[in-house]
Amino acid sequence: MGAKEKRFNYRLKGIRKFLYYFLPPISRLRHRLLKPLHIKYLQISLTYDCQCNCKHCGMSLYKDDKVKLSLQQIHDIIDNLVSYGFGQLDFFGGEPLLDENIYGYIRRASARGIFTHINTNGLLLSKENTRKLRDCGLCAVSISFDSPFPDVHDKNRGIPGAFKTAMEGAQYCIKNKIRTIMSIYSTPADILKGDTEKLISLAKEKSFHSVRLLGQFRIGKLAGLNKPDYGKEVMDRIKIISADKNFVKPHGIWNCFVPHKTTVYISPSGDVQPCAMVPFVFGNIKNRHLEEIIKEMRKHEIFNIKGDACIMNSAFMRDNFFNKGPLKEEKLPLAIEKLGACRGTEQKN
């Protein structure tokens, strides 16, 4: 490659990066104009494998023994996203960076104008990997942090040195001009003790783009909670620490994407759910078209659950899922028909 061609490619990458940050991707623009499905975010888990063993993991009870989606099947999903009206593709796990094909998926999606985003524990964000992610066109990365104290974070993750490695990975992402988000898991106690505010301050100090403040989701290892205790004192504190709405964005505490019908989740084997944290399957893309599954899914009553927080924390889920003995023993995720049958039986009695 000659010097002129190298300079041209470098400038082209600069123009693409400008477009990622300051102009709506093609798929977002198309979504605004056509809105065929009214859904903005597609979450796709590449694997449920993970190096960590977090005490709050919402995916820990998922058992996906089916054959995983093939490379071509994931390519087909990406190729159809723009026509479906999706604006953003989120790679989930487990740990998505454990799948070596992720770089190709990001490159393919980016070439189609799709905003790409990964959710990661940060352990594989090496200098080399972050450069590869940048070159593939990755737009944003959310890195999980549980405490401002490295030893507490490491203990919760079950990995010595996890905090240090994740923070170093974040700095590599920031230097490579990837939008870097600190994803904070906070208990009500963390919020009242001030630990959450310390993490937010650290995010500002380390030049993170923003903070995603996650609440407790009653699923996975936290399924035994009666209900996350976000009382008035905690909520008042959250309002104070999230006053800068451009930097701190609470998620699952007083807002939920599901009732707004803005998100869809696909498991490693192709099962379709409303969200990664909502363990009910409405179909599989190996057997039916994604668009068909989504249209049918949106008609279900769980999309009408009242309240602002995560629907897994709602009274509906408490009464019709968590308090139902037989359902407690079921392997997750669960076919949505079983939830419906359970409600029907209760009503007849």
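Residues numbered from 1 in each chain as written. Predicted model: local features only at pLDDT ≥ 70, side-chain atom pairs only at ≥ 80, totals over all residues. Heavy atoms only, no water.

Q: Would you mind showing me how to read the pairing of strand β3 (residues 115–120) here?
A: In terms of burial, β3 is a largely internal element, six of the six residues being buried. Residue alternation in β3 divides its side chains into two sets, Phe-115, His-117 and Asn-119 and Thr-116, Ile-118 and Thr-120, and both sets are buried. In this structure, strand β2 (residues 88–92) lies alongside β3, joined through four bridges in parallel fashion. What sits directly across from Asp-90, in β3, is His-117. Following the backbone out of β2, through helix α4 (residues 102–111) and into the adjacent parallel β3, one traces a crossover that is right-handed. In this sheet, strand β4 (residues 140–145) lies alongside β3 in parallel orientation, the contact comprising four bridges. Across the sheet, the residue bridging to Asn-119 is Ser-142, located in β4. Each parallel crossover has a hand, and for β3 linked through helix α5 (residues 127–136) to β4 it is right-handed. (Buried < 20%, exposed > 50% of the residue type's maximum accessible area, 1.4 Å probe, protein only. Helix = DSSP H or I, 4+ residues; strand = E, 2+ residues; numbered from the N terminus. Pairing = 2+ DSSP bridges. Right-handed = clockwise from strand over helix to strand, strands pointing away.)

Q: Help me understand the pattern of salt bridges, please; the structure alone is not making it clear to me.
A: Two side chains of opposite charge can pair, provided their charged atoms sit close to one another. A complete count under the given rule lists 13 salt bridges for this structure. Arg-108 is paired through a salt bridge with Asp-79; the nearest N and O atoms lie 3.0 Å apart. Of this pair, Arg-108 sits in helix α4 while Asp-79 sits in helix α3 (residues 71–84); the two residues are 29 residues apart in sequence, bridging distant segments of the chain. Notably, a salt bridge pairs Asp-135 with Arg-134, separated by 3.0 Å at the nearest N-O pair. Owing to a relative accessible area of 37%, Asp-135 belongs among the partly exposed residues under this scheme. Where salt bridges share partners, they join Asp-79, Arg-108 and Arg-112 into one cluster. (Salt bridge = Lys/Arg side-chain N within 4 Å of Asp/Glu carboxyl O.)

Q: Got a minute to help me understand α4 in this structure?
A: Looking only at α4, the buried set comprises Ile-102, Tyr-103, Tyr-105, Ile-106, Ala-109 and Ser-110. On an axial view of α4, the arc spanned by its buried residues comes to 160°, and they lie on one face. With its phi angle positive at about 80°, Gly-113 sits one or two positions after the end of α4. (Arc of directions from axis to C-beta.)

Q: Got a minute to help me understand the sheet that holds strand β6 (residues 210–214) in this structure?
A: For sheets, the rule is that strands pair by backbone hydrogen bonds, running either parallel or antiparallel. One open sheet holds the nine strands; their spatial order is β7-β6-β5-β4-β3-β2-β1-β8-β9, and the pairing between them is mixed. Two strands lie at the open edges of the sheet, namely β7 (248–251) and β9 (272–273), each paired on one side alone.

Q: Can you help me understand the packing of aromatic side chains in this one?
A: The description of two aromatic rings rests on the distance between their centres and on the angle between their planes. Applying the stated rule across the entire model yields seven aromatic pairs. Centre to centre, the rings of Phe-145 and Phe-208 are 6.2 Å apart; their planes meet at 90°, and the pair counts as edge-to-face. One end of the pair, Phe-145, is in strand β4; the other, Phe-208, is in the loop between α9 (195–205) and β6, with 63 residues separating them in the sequence. Neither residue differs from the other here; Phe-145 and Phe-208 are each classed as buried. Both rings, one in Phe-280 and one in Phe-321, keep their centres 5.2 Å apart while their planes meet at 80°; by these two values the pair is edge-to-face. Of the two residues, Phe-280 is situated in strand β10 (residues 280–281) and Phe-321 in helix α12 (residues 315–322); the sequence distance between them amounts to 41 residues. Residue Phe-280 shares its accessibility class with Phe-321, and that shared class is buried. One aromatic cluster is present, formed by Phe-145, Phe-163 and Phe-208 through successive ring pairs. (Phe/Tyr/Trp six-rings, centres within 6.5 Å; stacked < 30°, edge-to-face > 60°.)

Q: I would appreciate a short explanation of the pairing of strand β5 (residues 179–185) in the present structure.
A: Side-chain positions along a regular strand alternate between the two faces of the sheet. The element β5 is largely enclosed, with a buried count of seven among its seven residues. The two faces of β5 match: Arg-179, Ile-181, Ser-183 and Tyr-185 on one face and Thr-180, Met-182 and Ile-184 on the other face are all buried. Both β4 and β5 contribute to a ladder of six bridges, which runs parallel. The residue of β5 that forms the bridge with Ser-144 is Ser-183.

Q: What am I meant to see in α3 here?
A: An α-helical turn contains 3.6 residues, so any two residues separated by three or four positions project in the same direction. End to end, α3 covers 20 Å across 14 residues, agreeing with the expected 20 Å (1.5 Å per residue, within 8%). For α3, the set of buried residues is Ile-74, His-75, Ile-77, Ile-78, Leu-81, Val-82 and Tyr-84. (Expected span 1.5 Å × (residues − 1).)

Q: Would you explain the packing of α4 against α5 in this entry?
A: Working note: a packed helix pair is described by the angle between its axes plus the distance between those axes. Where α4 contacts α5, the two axes come as close as 8 Å, and the packing angle between them is 25°. In this view, α4 runs roughly parallel relative to α5, as classed from their interaxial angle. Facing α4, whose interface residues are Tyr-103, Ile-106, Arg-107 and Ser-110, α5 presents Asn-129, Lys-132, Leu-133 and Cys-136. When its residues are assigned to classes, the contact of α4 with α5 shows four nonpolar, two polar and two charged. (Axes fitted to C-alpha atoms, helices over the stretch in contact; angles between N-to-C directions. Parallel < 35°, antiparallel > 145°, perpendicular 65-115°, else oblique. Contact = heavy atoms within 4.5 Å. Nonpolar A, V, L, I, M, F, W, Y, C, P; charged D, E, K, R; others polar.)

Q: Can you walk me through the nonpolar core in this structure?
A: If you look at soluble globular proteins, the nonpolar side chains tend to sit buried side by side. One finds Phe-280 and Met-317 to be the most contacted residues of the largest nonpolar core, which totals 90 residues. For this core, the element with the highest residue contribution is α3, accounting for six residues. Setting aside its immediate chain neighbours within four residues, Phe-280 contacts Val-272, Gln-273, Pro-274, Met-312, Met-317, Phe-321, Leu-334, Ile-336 and Leu-339. (Core = buried A, V, L, I, M, F, W, Y, C linked by side-chain atoms within 4.5 Å.)

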